[in-house]
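Report on the structure
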Amino acid sequence: MAGIRFFGVSKRFDDGTVAVADLDLEIRNGEFMIFVGPSGCGKTTALRMVAGLEEPTAGEILIGERVVNHLDPVDRDIAMVFQNYALYPHMTVRDNIGFPLRMQKIDKDERRRRIGSAAELLGIDELLERKPGALSGGQRQRVAMGRAIVRHPTAFLMDEPLSNLDAKLRVQMRAELVKLHQRLGVTTLYVTHDQTEAMTLGERVAVLNRGVIQQVDTPGELYSRPANTFVATFIGSPAMNFLRARLSGGAVEFATYRFELPALARESLRAADGEVLLGLRPEHFFDPRFAVAEAGENLLPVTVELIEQLGSETLLYFRADGIEAEQESEGEVEVELGGALVARLDPRTRAAPGERLALGVDIERAHFFDPSTGNAL
């Protein structure tokens, strides 16, 4: 096994597009690292540079202690798992899994041992004589994983390997990937646009936007302490609500409302009086009829636009008095302000479109951002 390191890595394509810009990152030996971000953010390009399928324009990539910039993919001792499985349709499962071992001229007995071990680990030992056309999507993905495992690589590279599976199977495969990594302990770089995959799989997650890493941290820290508005918006579903607000004298003011901040927040924000972006996640609202909270006096009159009953929770889309919709797009800040907001409420909450409610606001959990840079305060 070996870690993967990026030192000032950039990739500029011939048309001038900068896909990755000055990437510095260390993926520790045995770590499961996720690259997540929207389409075009550079995550797949970064993975392809590690694999040797793209050459960096600048910087160095190390696998273990070796600089691999100019090594052919076959010489990098990595194994890739693709979105489309890339199985040979005319070969059996056994031959598909064993194909890289044949290319390495591994002897027949060792091939048989490794294929059997990988198939047992993945629960596909009864499928070895079938061909890919007779397999389900989940079974094909296991075969693709088996082909990677038998190589005993120093690192796995996975490019959205679950995106072709249905929702139920994705959940099952996520759990199996976690267990597989716990058993094998191989350094893994996993690329996805799905934040749920990122949050459930990754030991650490790197959030990318426009070729630049916005934040690298554990899933919990990304959610509870986003570095900027992009991370705050991208991580979490439904996304964080944003309001234009002002910090003044230990309170936050927006529209005609003034909510006093708790002592800890006043202390941490004492130098930040003035205009801010106030970020409230959907769960930072509550229905006072079904919740007891210290911030019960922080009530926001709202008009219901849409309600979604999801069984375990209610999602309430609403507009608040005096708060108009607008777009903020200065520097890296691109967020919708005001307009239709969303709250995650007790499942007992019932309301009809047009109905007036008063929602509580847990201001103690609120996030504050610089309106000109988008960075967290």
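Here the structure is shown first, and the text comes after it.
Before going into details, it helps to say that this report is about the structure given with it.

About the cut-offs
Residues numbered from 1 in each chain as written. Predicted model: local features only at pLDDT ≥ 70, side-chain atom pairs only at ≥ 80, totals over all residues. Heavy atoms only, no water. Helix = DSSP H or I, 4+ residues; strand = E, 2+ residues; numbered from the N terminus. Buried < 20%, exposed > 50% of the residue type's maximum accessible area, 1.4 Å probe, protein only. Contact = heavy atoms within 4.5 Å. Lys, Arg positive; Asp, Glu negative; His and termini not counted. Charge placed at Lys NZ, Arg CZ, Asp CG, Glu CD. Pairing = 2+ DSSP bridges. Axes fitted to C-alpha atoms, helices over the stretch in contact; angles between N-to-C directions. Salt bridge = Lys/Arg side-chain N within 4 Å of Asp/Glu carboxyl O.

Scanning the protein chain from terminus to terminus reveals 9 helices and 22 strands. Across its three principal axes, the protein chain shows a C-alpha extent of roughly 75 × 45 × 35 Å. Taken across its 377 residues, the protein chain has 50% of its residues classed as buried. Restricting to contacts in the protein chain with at least 6 residues of sequence separation, those with at least 24 account for 69%. Separation between the mean location of the 43 positive side-chain charges and that of the 55 negative ones in the protein chain comes to 8 Å.

The next point concerns the sheet that holds strand β2 (residues 18–27). Taking strand neighbours across the sheet as the criterion, the 4 strands line up as β2-β1-β4-β5 in an open arrangement whose pairing is antiparallel. At either end of the open sheet lies a strand with only one pairing partner, and these are β2 and β5 (66–67). Both strand β1 (residues 4–12) and β2 contribute to a ladder of 6 bridges, which runs antiparallel. By the bridge assignment, Arg 12 is partnered in β2 with Val 18. In the packing of helix α1 (residues 43–51) onto the sheet, the strands contacted are β1, β2 and β4 (58–63), and the crossing angle to β1 comes to about 115 degrees.

Going from Ser 237 to Pro 238, the amide bond is cis rather than trans, its omega being -5 degrees. Tracing the sequence through the fold places Pro 238 in the loop between α8 (229–234) and β11 (241–248). One non-glycine residue, Tyr 85, lies in positive phi territory at about 70 degrees. Among the secondary structure elements, Tyr 85 is positioned in the loop between β6 (78–81) and α2 (93–103). For Tyr 85, a relative accessible area of 9% gives the class buried. Even without a glycine there, the phi angle at Arg 210 is positive, about 55 degrees. Considering the arrangement of structural elements, one finds Arg 210 in the loop between β9 (204–209) and β10 (212–217).

Scanning all chains against the criterion turns up 21 salt bridges. Two residues, Glu 176 and Arg 142, come together in a salt bridge whose shortest N-O distance is 2.8 Å. Here Glu 176, found in helix α5 (residues 167–184), pairs with Arg 142, found in helix α4 (residues 137–149); they are 34 residues apart in sequence, far enough to count as distant. With a shortest N-O distance of 2.9 Å, Glu 221 and Arg 225 are connected by a salt bridge. Judged by its relative accessible area of 27%, Glu 221 is partly exposed. In the salt-bridge network here, residues are joined through shared partners; they are Lys 11, Arg 48 and Glu 54.

Of all the 9 residues making up β1, 7 are buried; the element is thus mostly covered by neighbouring parts of the structure. As paired strands, β1 and β4 are joined by 5 bridges and run antiparallel to one another. Among the inter-strand pairings, Ser 10 is bridged to a residue of β4, identified as Ala 58. Hairpin remark: β1 followed by β2, antiparallel, with 5 residues in the connecting loop; positive phi at Gly 16, about 95 degrees.

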